Amino acid sequence: MTAKPAAAAARATVYGYPRQGQNRELKKAVEGYWKGRVTAEALRSTAADLRRSNWRQLADAGITEVPTGDFSYYDHVLDTSVMVGAVPERHRAAYEADRLDGCFAMARGTQDVAPLEMTKWFDTNYHYLVPELGPDTVFTADATKQVAELEEALALGHTARPVLVGPITYLLLAKPAPGVAADFLPITLLDRLLPVYAQVLAELRAAGAEWVQLDEPALVQDRTPADLNATARAYRELGAAPDRPKLLVASYFDRLGDALPVLAAAPVEGLALDFTDGGAANLADLAAVGGLPGKRLVAGVVNGRNIWINDYQKSLTTLGTLLGLADQVDVAASCSLLHVPLDASAERDIDPQIRRWLAFARQKTTEIATLARGLARGTGAIAAELAANRADLASRTSSSITRDPAVRARTAAITAADGRRSQPYAQRTVAQRALLGLPLLPTTTIGSFPQTNELRTARADLRAGRIDTAGYEERIKDEIRGVLSFQEKTGIDVLVHGEPERNDMVQYFAEQLTGYLATRHGWVQSYGTRYVRPPILAGDVSRPEPMTVRWTSYAQSQTSRPVKGMLTGPVTMLAWSFVRDDLPLGETARQVALALRDEVDDLESAGTSVIQVDEPALRETLPLRAADHAEYLAWATESFRLSTSGVRPDTQVHTHMCYAEFGDVVQAIDDLDADVISLEAARSHMQVAGELAAHGYPREAGPGVWDIHSPRVPGTGEVAALLRKGLRAIPAERLWVNPDCGLKTRGWTETRACLENLVAAAHEVRADLTTDGS
């Protein structure tokens, strides 16, 4: 059956595109600039080349309206703070002296000035820099970047649409600046901010923008009546602004819910909605409000967060329904393509048949253009593409790769007892303290140590055949001995082997588990110049053989101090992978949990007395709507306990979380039943310690006292001050001393200095406690 053609040709567009380039040119240029090897002019030239290349790729794929302003040297929320003049006072001198260096100072800090706090962008693994605002904040418009990039695209002949973080989302993401009362609400600054947005919009219109997109993903979360009233007021005022372009308000990651009628009634010319799994309810909600008569609807029917090919027929059915609900229906991905790798065709190590199931950013733009053509001209215009798409979908459904009966049987046999330790914490901790004999305020690190050039060279030499496996393993042993020796000399109490053999905390395990596929070029930005290659969950998961036991046991053989076994937890293994869309997440989590349980049990049998199972993504993966929290947290905490509950009472189980807002999941942290948890806390000034105390968290905790995402070296006094602040919330007998996160991205010079200061601070505070008789 041929679909009815649209009244007007459907446009194909995207909200954003990967920034890094095919070979991570942006990362290399920015890090070269930080090290003084690349000039500012050369960095800007590389960035301009990447923008031109991105726009050309989009246009060649059939994207008829390209985004501008989505490109960033570090983070688009930081760029928004610059656009509205919200530069923290402590960074203002550096920013006024040199804007580029000032922005990097806000992102990374300097030796003398702390950076902005960093946390996750909604429920993704992308980190943004949190705006700092207060009642004295004065906003001023600076659209230099936004106008310049629009003019670049227009000069190249593209139809371009600037993309900005919307004013409501910007204020809802912001936090009170240091020294401002904790109950200050940045949204109260809306009336002060709106004229600045109106000025930016006017400047973009003057530069040639017909449309400007204002991203409001915060509106897919549960919002108060006051938030919704603020939204209505904001878009009423911006809609009435003189000399403005047409406004497209975009939402993504979930349904708009109560915000949909507010935006549908607002004096804006278009809405962009997510119609993939996360926002499928938007279709019914849109019909319920009577559609968008007189407005443009940009329909996100291609999943911008996952890498599986689109179901063309399903998407065309959705698009066909939407034709009756808006004057103009255009086709897009569900969100920015920033969250997926660049090009699946580069993955030559993946079986060609499986590769046909994958759609990275370039493939998604082709899908969008194909759907737009089918919507405008009817399905007959894309008959060949529809046939190929049906064949690829059928190939995946029938593949033996996706299903393992033995794994399904094992998960079906799980009982409630499998997720419980044999003794409660109060009894376990007595046995653990007797076995480990640790001092008050024990010190440890999170797991990884710096990945040096020598280690990267060794891996490259192994791949190239310049050294054999035996030679490579000798280099790994040398590195482990060096890391252990440093920790012993520094005085760290619970050691780690440093993970020199590991490439990434998820990829390393994925490469050894069935059901996973690893990519060679599938880089995705996590924060700044930090890129990761999320593996792909294609089938049922099991562990063929031990993954970490050999190197952990080797490390333990070199020291009398306890060495932690280090694993990545099941929720994080899912959150930082591209998950399958043909099986419930909870079921996949149980499969991964049982594979990890085998590893935990083998570590214990090999003599490992402290085992850390990291779950930094537990909060990140929390659904955006409160109604969905309970179901998620039930399977998420169950999967962690399945991983860890088979050990003896005297085996101490640790977990780790970082760079998220933990207040919403404190009960879930408690439900994990880990003996010790380490958490990011330095940038947020020990906020999480207070949240644990308010909850009455009964186990041991190590709120981080060193922000490892900044190159600055905190002095002993600074670390001791944070530690004393932690002690006001957590009793000394339950407080650990550790960095915020792993040290893989840091250099050895700063690592030595920071850990020496950390241990010195622990000794200083420990001595004070002993003197005080505590």
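See the structure above.
Residues numbered from 1 in each chain as written. Predicted model: local features only at pLDDT ≥ 70, side-chain atom pairs only at ≥ 80, totals over all residues. Heavy atoms only, no water.

(A) Spatial organisation of the overall build of the protein. Within the protein one finds 28 helices and 20 strands. Against the globule reference of 28 Å for 774 residues, the protein gives a C-alpha radius of gyration of 26 Å, in line with a compact fold. Its C-alpha atoms give the protein principal-axis dimensions of about 75 × 60 × 50 Å. For the protein, with 774 residues in total, the buried portion stands at 61%. Contacts spanning at least 24 positions in sequence make up 80% of the contacts within the protein whose residues lie at least 6 apart. Summing over all exposed atoms, the protein offers an accessible surface of approximately 27,900 Å²; the carbon and sulfur share of this is 51%. Looking at the protein, you have 82 positive and 98 negative side-chain charges, and the mean spots of the two groups are 3 Å apart. (Helix = DSSP H or I, 4+ residues; strand = E, 2+ residues; numbered from the N terminus. Rg over C-alpha atoms; globule rule 2.2 N^0.38 Å. Buried < 20%, exposed > 50% of the residue type's maximum accessible area, 1.4 Å probe, protein only. Contact = heavy atoms within 4.5 Å. Areas by Shrake-Rupley, 256 points an atom, 1.4 Å probe, with all protein chains shown as cover. Lys, Arg positive; Asp, Glu negative; His and termini not counted. Charge placed at Lys NZ, Arg CZ, Asp CG, Glu CD.)

(B) Expanded view of the pairing of strand β20 (residues 700–703). Both faces of β20 are covered, namely the face carrying E700 and G702 and the face carrying A701 and P703. Relative to β20, strand β19 (residues 676–679) runs parallel, the two being bridged by four bridges. Each bridged residue has a counterpart across the sheet, and for I677 the counterpart in β20 is A701. (Pairing = 2+ DSSP bridges.)

(C) Summary view of the environment of G32. With respect to the helices, strands and loops of the structure, G32 is situated in helix α1 (residues 25–34). Through-space distance from the C-alpha of G32 to that of P562 is 39 Å; in sequence the pair is 530 residues apart. If we skip the residues at most four places from it in the chain, G32 touches R37 and V38.

(D) Representation of the packing of aromatic side chains. Taken as a whole and assessed by the stated rule, the structure comprises 16 aromatic pairs. On the numbers, 5.3 Å between centres and 85 degrees between planes, the contact of Y508 with F509 is edge-to-face. A residue is classified by how much of its surface remains accessible, and Y508, at 10% relative accessible area, is buried. Its relative accessible area of 1% is what places F509 among the buried residues. Following the ring pairs from residue to residue traces out a cluster consisting of Y15, W121, F122, Y128, Y252 and F253. The side chain of R108 reaches across the aromatic face of W34, ending 3.6 Å from its centre. The ring of W551 carries R550 above its face, with NZ or CZ at 4.6 Å from the centroid. (Phe/Tyr/Trp six-rings, centres within 6.5 Å; stacked < 30°, edge-to-face > 60°. Lys NZ or Arg CZ within 6 Å of the ring centre and 35° of its normal.)

(E) Structural context of the nonpolar core. Within the largest apolar cluster, 117 residues are counted, with the highest numbers of intra-cluster contacts made by F139, Y170 and Y235. By residue number, the principal contributor to this core is helix α8 (residues 190–206), which donates eight residues. Discounting residues that sit within four places of it in the chain, F139 has contacts with V84, A86, L133, Y170, L171, L189, R192, L193 and V196. Listed in part, the 94 residues of the second largest apolar core include I467, I476, Y632 and A761. (Core = buried A, V, L, I, M, F, W, Y, C linked by side-chain atoms within 4.5 Å.)

(F) Representation of the environment of V592. Among the structural elements, V592 can be located in helix α23 (residues 585–605). The spacing of V592 and V541 is 51 residues in sequence and 5.9 Å in space, taken between C-alpha atoms. Other than its neighbours up to four places away in sequence, V592 contacts Y516, V541, P570, M573 and L574.

(G) Focus on the pairing of strand β16 (residues 564–568). Here β16 lies mainly inside the structure; five of its five residues are buried. Burial of the side chains of β16 extends over both faces: K564, M566 and T568 are buried on one face and G565 and L567 on the other. Examined bridge by bridge, β16 and strand β17 (residues 610–614) share five bridges and lie parallel to one another. If you follow L567 over to β17, its bridge partner there is V613.

(H) Up close: empty space enclosed by the protein. Overall, the coordinates contain eight cavities of 30 Å³ or more when judged by the stated rule. The space that makes up the largest cavity amounts to roughly 510 Å³. Along the walls of the largest cavity sit 33 residues, with M505, R530, W576, C741 and K744 positioned nearest its centre. Elements with a contribution of two residues or more to the lining of the largest cavity: β13 (524–527) and β14 (530–532). Taken together, the residues of the lining of the largest cavity break down into 14 nonpolar, 11 polar and eight charged. In terms of lining, the second largest cavity is formed by 21 residues, of which the most central are R19, D70, H76, V163 and D215. If you list the elements that add at least two residues to the lining of the second largest cavity, you get α3 (76–83) and β5 (160–165). Among the elements that make up the lining of the second largest cavity, the one with the highest residue count is α3 (four residues). Across the lining of the second largest cavity, the residue classes break down as 10 nonpolar, seven polar and four charged. (1 Å grid on protein atoms, 1.4 Å probe; cavity = no way out; pocket = protein on both sides within 12 Å on 5 of 7 lines; lining within 4 Å. Points joined across faces, edges and corners; volume = space filled by probe spheres on them. Nonpolar A, V, L, I, M, F, W, Y, C, P; charged D, E, K, R; others polar.)

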